[in-house]
Structures are given as C-alpha cells and as structure tokens.
Amino acid sequence: MIDLHCHSNISDGALPPREVVRLAHANGCTLLALTDHDHTGGLAEARQEAEALGLRLVSGVEISVSWRKRTIHMVGLNFDEQNSRLQTLLAQVRQGRLERFARMAEKLERRGFAGAYEGALALVPNREMASRTHLAQWLIEQGHVRNKQQAFKKYLGDGKPAWVKHEWASLEQAVAAVLGAGGIAVIAHPIRYGLSATAQRNLFTEFKALGGQAIEVHSATTNLNDRLNYARLAEQHGFLASAGSDFHRAGDFGSGKLGACPPLPERCRPVWQEFCL
Ligand code: AMP
Ligand code: MN
Ligand code: MN
Ligand code: MN
C-alpha cells in the first residue's frame, strides 16, 4: 500500500505529521511520502514515527509553480532535505504567501465579508503557510459557503473574484532544485488543471526536457479511466508513474484515502522502483 502525496498541518492539512503517519499506517500503508506545500518542516517528525511503526517514509514536498500564467504543483520525492539550494527556493516561495493571502482576504472583504483577514489568519498554524485552504475554512465557518468546493468555485479558485495573480517558482527552478537535491520531480495531479490536450502535452514536453521524471497517474479520486489515460500519457512521454491521495483531512471532498492508493495500470513504471531497490 503506497501513498506519495499527502499533507500535514505544516501546510494546509489538519493533522500533525506524526498523526498523518499513524493514520496511514492504520490504513495499511507501507510506503509513504509526506508532501507539504513548499515546506519540508514535517519530515523529521514523520520519519521518527514511521521508524517506530516500521513503515517506509521518503522525503517529499509539493512546490507551487507558475507555468505560462497558471499555477501548477510539482512534487519532489526522495531528496536530501538538507540541500541548501532547495531550501532557499522553498523559502523564497513561502515568502510571498502571507502577502498574497492578505490581498485575497482584502478582495473578500471588499465583497462584504468583513473580518476575512483576521478571521482566516487565526486559522493558520504557521503564518508563512497561509493558504487558500484557510480562507475556505473561514468562509465555511462563517456560513458564507457550504463547503470547500463551493468556496473555490465561487471565490477562491483560479480566475474567481477573490483570486489574485501571484508568481511562484518557475518550473525550471523547481525541477532543478529537486534534481539538485538528488530527488525525483513529479507533476502533481495533472488531471486537476483543466488543461487542453495541447497545453498538457506542452507541459509534459517542457517538464521532460528540464529533467522531470514522473507524473501522478493516480491522484486523489481518479477513476480507472483517468488512470488508464494518464498511464498512456506517461508511457508516451517516457515518465515514471506516481500515486498519491492528496489527503488533507478526514472527510475532505476530493481527497483520497490516506495511505491506500488504488493499483496503477499494468503498463506503468512505478516511481517507487527508483527508491525501493
Ligand atoms: P494555495 O497553495 O494557497 O493556492 O492553496 C492551494 C490548496 O487549496 C490546494 O493544495 C488544495 O488543498 C486547495 N484547493 C485548490 N483548488 C481547490 C479546489 N478547486 N477545490 C478544493 N480545494 C482546492
Ligand atoms: Mn493543499
Ligand atoms: Mn496540489
Ligand atoms: Mn497536495
């Protein structure tokens, strides 16, 4: 049982790293990567717990990337988290987050949601990781929306009224930092970007040329057809295949079961063959 994409409260998940590992283990997981957004601060605690429980933990991170005016997420796996170039890039990416959060909250306030900034900020355990998930949580708590999906659909999603443009890392920087730290670069949840077939091909081709090695063939709640489709694309582009739940919290709409991804299609070359030799 494998899961190479999940979140703790170091970024926008609900559980501390230790409890993420415990829950994954309870769900039968034997190989786990904790992939918090733009932060590797949960890995030490997660690793300690994984060792105690006897499950394999590989280092992970989910880097926010700007690619052709869109936000793309790139997962790094099995890298040296002490690597200074990688940590410098992650620190840079985190630096703009709070300011972006404030600009988004201000847009919500201008739409009549008084107290959005203070209220949502109170829900953020770690200010440099203030995210849209926390803004969504506040909108839900205040009864302005029914759930996270609605919060993104009505206000927070890319191009929606409270969204602001923001420059994250470039794809080139993200790939170079992960490869330079000895890791594997993976396009996270390609199914979620709403890219045309052409734009997706361009993304994969560019990513491959930069040295990117894998894509998530399974992410969160794909169905068998989705997985067959991305397995075919992975093969066409010469990518390894990864799988991750993108778990954030129990009962979250649109996130898979922590630690228990469905099997990859036969034709896939699983990314974990690279670190389970
Ligand atoms: P941020 O890094 O601040 O842009 O926040 C991105 C996070 O918001 C993602 O990692 C997801 O947890 C969540 N998210 C993004 N888009 C959606 C969506 N359409 N529905 C639900 N959650 C989303
Ligand atoms: Mn998230
Ligand atoms: Mn993501
Ligand atoms: Mn994620």
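The rules we used
- Residues numbered from 1 in each chain as written.
- Chains lettered and ligands numbered in written order.
- Predicted model: local features only at pLDDT ≥ 70, side-chain atom pairs only at ≥ 80, totals over all residues.
- Heavy atoms only, no water.
- Buried < 20%, exposed > 50% of the residue type's maximum accessible area, 1.4 Å probe, protein only.
- Helix = DSSP H or I, 4+ residues; strand = E, 2+ residues; numbered from the N terminus.
- Contact = heavy atoms within 4.5 Å.
- Polar contact = N/O pair within 3.5 Å; in protein donor to acceptor, adjacent residues only side chain to side chain.
- Donors = N, O, S within 2.8 Å, 3.2 Å for Na, K, Ca; no water.
- Pairing = 2+ DSSP bridges.
- Right-handed = clockwise from strand over helix to strand, strands pointing away.
- 1 Å grid on protein atoms, 1.4 Å probe; cavity = no way out; pocket = protein on both sides within 12 Å on 5 of 7 lines; lining within 4 Å.
- Points joined across faces, edges and corners; volume = space filled by probe spheres on them.
- Nonpolar A, V, L, I, M, F, W, Y, C, P; charged D, E, K, R; others polar.
- Phe/Tyr/Trp six-rings, centres within 6.5 Å; stacked < 30°, edge-to-face > 60°.

Novice: I tried to follow helix 6 (residues 132-141) on my own but got confused; where do I start?
Specialist: Along an α-helix, a turn takes 3.6 residues, which lines up residues three or four apart on a common side. Among the 10 residues in helix 6, seven count as buried, and that is most of the element. Among all positions in helix 6, only Arg 132, Thr 133, His 134, Leu 135, Ala 136, Trp 138 and Leu 139 are buried. Here the buried face of helix 6 lies against helix 4 (97-110), helix 5 (116-121) and helix 7 (148-156). A distance of 3.1 Å separates the backbone nitrogen of Thr 133 from a side-chain oxygen at the start of helix 6, and that oxygen is part of Ser 131. Two residues or fewer past helix 6, Gly 143 is found with a positive phi of approximately 80 degrees.

Novice: Looking at this structure, how should I read the coordination of the manganese ion (ligand 4)?
Specialist: Reference values for angles at a metal are 109.5 degrees in the four-donor tetrahedral case and 90 or 180 degrees in the six-donor octahedral case. Within the protein, the manganese ion (ligand 4) binds to His 5 (NE2), His 7 (NE2), Glu 62 (OE) and Asp 246 (OD); these donor distances fall in the range 2.1 to 2.2 Å. The sequence motif formed by the donor residues of the manganese ion (ligand 4) is H-x1-H-x54-E-x183-D. Distance-wise, the manganese ion (ligand 2) is placed 4.6 Å from the manganese ion (ligand 4). Placement of the pair is His 5 in the loop between strand 1 (2-3) and helix 1 (17-26) and Glu 62 in strand 4 (residues 60-67), with a sequence separation of 57 residues. What makes His 5 buried here is its relative accessible area of 1%. We classify Glu 62 as buried; its relative accessible area is 0%.

Novice: What is the right way to look at the pairing of strand 8 (residues 214-219) in this model?
Specialist: In summary, the side chains of a regular strand alternate between the two faces of the sheet. Where burial is concerned, most of strand 8 is hidden: six out of the six residues are buried. Pairing geometry for strand 7 (residues 184-187) and strand 8, over two bridges, is parallel. Looking at strand 8, one finds that Ile 187 is bridged to Ile 215. Here five bridges tie strand 8 to strand 9 (residues 240-244), and the two strands are oriented parallel to one another. Along strand 9, the bridge assignment pairs Ile 215 with Ala 241. This β-α-β element, strand 8 to helix 10 (residues 224-237) to strand 9, shows right-handed connectivity.

Novice: Is there a simple way to think about the layout of surface pockets in this case?
Specialist: Estimated volume of the largest pocket: approximately 1,000 Å³. Of all the secondary structure elements, the ones that give two or more residues to the lining of the largest pocket are strand 4, strand 5 (70-77), helix 4, helix 6 and helix 7. Residue composition of the lining of the largest pocket, grouped by class: eight nonpolar, 16 polar and 13 charged. The space that makes up the second largest pocket amounts to roughly 150 Å³. In terms of lining residues, the second largest pocket is bounded by 13 residues, among which Lys 69, Thr 71, Trp 163, Lys 165 and His 166 are the most central. Among the residues forming the lining of the second largest pocket, the class breakdown is three nonpolar, three polar and seven charged.

Novice: When you look at the side chain of Thr 35 in this model, what are you seeing that I'm missing?
Specialist: Considering the arrangement of structural elements, one finds Thr 35 in the loop between strand 2 (31-33) and helix 2 (43-53). Classification of Thr 35 by relative accessible area gives buried; the value is 0%. The residues contacting Thr 35, other than those within four sequence positions of it, are Leu 4, His 5, Cys 6, His 7, Gly 60, Val 61, Glu 62, Val 75 and Leu 77.

Novice: Please explain the packing of aromatic side chains as it appears in this structure.
Specialist: Pairs of aromatic rings are described using the distance from one ring centre to the other and the angle between the two planes. For the structure shown, the criterion picks out four aromatic pairs. Seen from their ring centres, Phe 113 and Tyr 155 are 5.2 Å apart, and the 80 degrees between their planes marks the pair as edge-to-face. Of the two residues, Phe 113 is situated in the loop between helix 4 and helix 5 and Tyr 155 in helix 7; the sequence distance between them amounts to 42 residues. On the basis of relative accessibility, which here comes to 11%, the residue Phe 113 falls in the buried class.

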